[in-house]
Amino acid sequence: MLDPDPPFQPIRRAGGYLPLEDHGLIGDGAAAALVGRDGAVSWMCLPRFDSRPVFCGLLDHARGGAFTFAPDEPFETRQLYRPDTAVLDTEFRCASGTVRITDVMTLRAGADLSDDVPAGRGELVRTALVLSGRVRLRYAIEPLGGAQARPLFSGVELRLPERPGMRLHLRGDRPLGGVGTGEPDGTHGVYELEQGESVSLCLSWARAHRHHRFEAETTVRSTERAWRRWMSGFDYQGPQESMVRRSAVTLKLCDDWTNGSLVAAPTSSLPAPIGGVRNWDYRYAWVRDAAFAVFALRRIGFGGEADAFLGWVLDAFEAGEGPRIMYTLTGEPVPDEVVDHDLEGYRGSAPVRWGNGATDQVQHDVYGEVLDCAYQWVEGGGDVPPHLWQSLARLAGQAGEQWRTPDQGIWEVRSAGRVFTYSAAMCQVAMDRAGRIARLLGDREAARHWRQEAESLRDLILNEAWDERARTLTEHLGDGGGLDASLLALPLRRVVPFDHPRMTATTAAVAERLSAGGGLLYRYLHTDSPDGLPGDEGAFLLCSFWLVDNLSGQGRLEEAEELYTSLCARASPLGLLSEQIDPGTGAFCGNFPQAFSHIGVIASGSRLGRALSARR
C-alpha cells in the first residue's frame, strides 16, 4: 500500500540529476510535465506530448532549462498526490519553516474526463502556502534554448527563439519578481511569506485565459473535482488497491483525451541502463500498448477510455495503407529518428533522440493487435461496416502468409530479423479473432475457416517452438533459440492455456533462467539473443507482471500474491513505475512513468483478485 504520510528526505543527486523516482507526473490530457522533489519542473513538452520540450533539464541539467520554485535555503522534502487526482503537493521543510507547493495542470470547470474532448485550460498553476514559520521562496523560469521576456499588463510574455510559434505567459496573484531580485523582467523572483500566506504563479500557453481574473484556489479545486468525478467510475476488488487507483490515474495522464490514443511514456531518451545507448522516444502510440491498455481499463470500470482506444486503433488502421506498429497521437506516421547533439542526456547518457526509428520495422504482432482490438470493439457492440470487415479479413489473410517471415519482434531488435515465436503467436491471434468476428457478424463459413487456420497454427507453434532438451518453448520457431519473457504473454492472448503442460514448463524456465533476482525478469539474455545494440539493460517490469498472471492462472496464488506485492513495493513513494529496474540498485531506468508497467499493475491485480475471490 502507498504511504499516506511519507517521511521528509534530503535531496540527493547524481551528476546534477535527481533519481527518476523523485519526480511526480502531472498533465491535462494533451501534455504532461515532471515535477521534481527539488521544486523544479524539469520536463514539459508543449502544446502536446510529442512536441519539443519547453523545459528539458531532465536530459541536460545545465542547458535543458526548468521552471524552479522552492525555498531559498537548504531543505528536505516529500511529495504526495491528492487522493484520486493528478494534483501534486511537494512539501519543503527547512530551518526557517515549512511550505507546501501545489502543482497542477488545470482543467476546465465542470470538465468530464470521460468525454473525447479537450479538457485542459493550457496552463500550469504553482501555488506556495507557508505551513509554519517564515520562508523565503525563489522562482526562476528558464526555457530550453532561452527566452525573450516582454513585460505586459497581465504579467510577462516569453518568446522562444527555437519555437517561433510558441509564446508563454507568466502571471501571478502577487507582483512578479517579488522583492530584491534585480530581475526586472519577472522571469526570476523572490517572495518572503509568513505562516498562512500564499503566492500562486500561472504559466499558460493558451491565450484564452491570459487576461481573466486569476483565482488559483478555485481553479485547483475545480480540477480536483474533475479528477474525482472520473475516478468515481473505478471498480476493483483485489490486492494493493491504492496502487491500482494510482495506476489508473497515471494511465489517464498518458492518454490523449481528444484522440483516444495513448503514449507509451510521456518522456524520451531516459536510458536503460544509465550510461547506455538504449535511449528511445516513447511519446507515441503503439498499437500493442493500446491493446493491453484496453484489456486493463475495462477491468476496473473505464469502458469509455477502452472504447476510445479501440476506435483510435481502427481509425488509424483504416486511414493508412497497412497496419503500422506505432503512430503519432493523431494517427499519422511517427517522425524519423534524429539525434540531438546539444543535450548531454540524463546523467550523461547520450544520445538524446527525437522520433523513433522502429516505426518502419516489420513486426508481425501488429496483425494480432489490430484484429484483437477489432474483436473487442465488435464484442462490445461496436459497428464494423462491410468495407472495414473486408480490410480486417485481408489483414488476417496476410497474417496467415507472413508468420514464417522474419521480423524484429515485440522487443524491436535492431539486428537481423528472425521468426519470433511471439510474432507467430500473434498471427495466430489475428486468425482466431477474425473467426470470432465472423461468428459475431453471422458469417459461419468465414468463422469456420479462420478457426481451423488458427488451430493449425497454434499446434504448429507448440511443436516448432518447443525445445525438448531444455523443456521450454523458445523465442524462435524451429531453431532452438534462447528464452524470451514475451512467451509469458501467450496465455494472456489466449494462444495457449495457462495450465497447458508446455506453458507451465515454460513459465518455470523463464522464472529461473531470466531471473534478475527479487522477482525481476530480463526480457532475454543478450548473450543468447543478440539484439544489435551494445551493452545490457535492466529488468523489464511488465515481464514480472506477466509472471504474476501465469502463477495466478496456474492456481499458485500464494506465490502470485507475494510476487505482485513485491513488485508494487518497488513503486516510487508517489506510486509511479518506470520501464525497467536496475537489479543491482533497485533504481528506476528507462522512460518514466511507463504505461506498460502501470498496465501490468492493473491487469495482474485484477486477475489475481478474481482468482483469490473464486478460491474463497
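What you see is a predicted model; the values in this text were computed from it and never measured.

Quick notes on the rules
- The numbers attached to residues start from 1 for each chain and follow its sequence in the written order.
- Note on the predicted model: pLDDT of at least 70 is required for a residue's local features to be given, and 80 or more for side-chain atom pairs to be given and counted; whole-chain, interface and lining totals, by contrast, use all residues.
- No hydrogens and no water enter the side-chain calculation; it runs on all heavy atoms of the structure.
- Any residue under 20% of the maximum accessible area for its type is buried, any over 50% is exposed, and the rest in between are partly exposed; the area is computed with a 1.4 Å probe on protein chains only.
- Put simply, DSSP marks the helices as runs of H or I at least four residues long and the strands as runs of E at least two long, and each gets a number from the N terminus on.
- The rule for pairing is simple: two strands pair if DSSP sees at least two bridges between them.
- Salt bridge, as used here: a side-chain nitrogen of Lys or Arg that lies within 4 Å of a carboxyl oxygen of Asp or Glu.
- Aromatic pairing here means that ring centres of Phe, Tyr or Trp (its six-membered ring) are within 6.5 Å. Orientation follows from the plane angle: under 30 degrees is stacked, over 60 is edge-to-face, and everything else is tilted.
- Only when the NZ of Lys or the CZ of Arg is both within 6 Å of the ring centre and within 35 degrees of the ring normal is a charge said to sit over the ring.

Caption draft 1: Structural context of the pairing of strand β3 (residues 32–36). Most of β3 sits out of view: 5 of its 5 residues are buried. Alternating residues of β3 divide into A32, L34 and G36 and A33 and V35, and every residue in both groups is buried. Taken together, the 5 bridges between strand β2 (residues 23–27) and β3 define a ladder with antiparallel strand orientation. Residue pairing in the sheet places G24 in a bridge with V35 of β3. Once β2 ends, the chain turns through 4 residues before running back antiparallel as β3, passing G29 with a positive phi of about 85°.

Caption draft 2: Inspection of the pattern of salt bridges at higher detail. Scanning the model with the defined rule gives 46 salt bridges in all. Across the pair R136 and E192 runs a salt bridge whose closest N-O atoms are separated by 2.6 Å. A residue pair is termed long-range when its members are at least 10 positions apart, and R136 in strand β10 (residues 120–142) and E192 in strand β14 (residues 188–194) qualify at 56 residues. Looking at R136, the relative accessible area reads 29%, which means it is partly exposed. A salt bridge links E217 to R221; the shortest N-O distance between them is 2.5 Å.

Caption draft 3: Quick look at the pairing of strand β4 (residues 40–45). Of all 6 residues that make up β4, 6 are buried, and the element is covered over most of its length. Two strands pair when backbone bridges link them, and β3 and β4 are joined in this way by 3 bridges, in the antiparallel orientation. Counted as the bridge partner of V35 is V41 from β4. Linking two consecutive strands that pair antiparallel, namely β3 and β4, is a turn of 3 residues; a positive phi of about 90° is found at G39 within it. Where β4 lies against strand β5 (residues 53–55), 2 bridges are found, and the strand directions are antiparallel. Across the sheet, C45 pairs through a bridge with P53, a residue of β5.

Caption draft 4: The arrangement of the packing of aromatic side chains in detail. Following the criterion strictly, the structure yields 17 aromatic pairs and no others. Consider the rings of F292 and W546, whose centres lie 6.0 Å apart with planes at 35°: the pair is tilted. Placement of the pair is F292 in helix α3 (residues 287–298) and W546 in helix α10 (residues 541–553), with a sequence separation of 254 residues. The exposure class assigned to F292 is buried, which follows from its relative accessible area of 7%. For the pair W411 and F540, a centre-to-centre distance of 5.2 Å together with 65° between the ring planes defines the contact as edge-to-face. Highlighted residues: W411 in the loop between α6 (386–402) and α7 (421–441) and F540 in strand β24 (residues 539–540), separated in sequence by 129 residues. You can call W411 buried: its relative accessible area is 10%. Given the relative accessible area of 3%, F540 is considered buried. Of the aromatic side chains, those joined through ring pairs into one cluster are F292, W411, F540, W546 and F596. Stacked on the ring of F67, the Lys or Arg R126 has its end atom at 5.1 Å from the ring centre. The ring of Y375 carries the charged tip of R436 above its face, separated from the ring centre by 5.8 Å.

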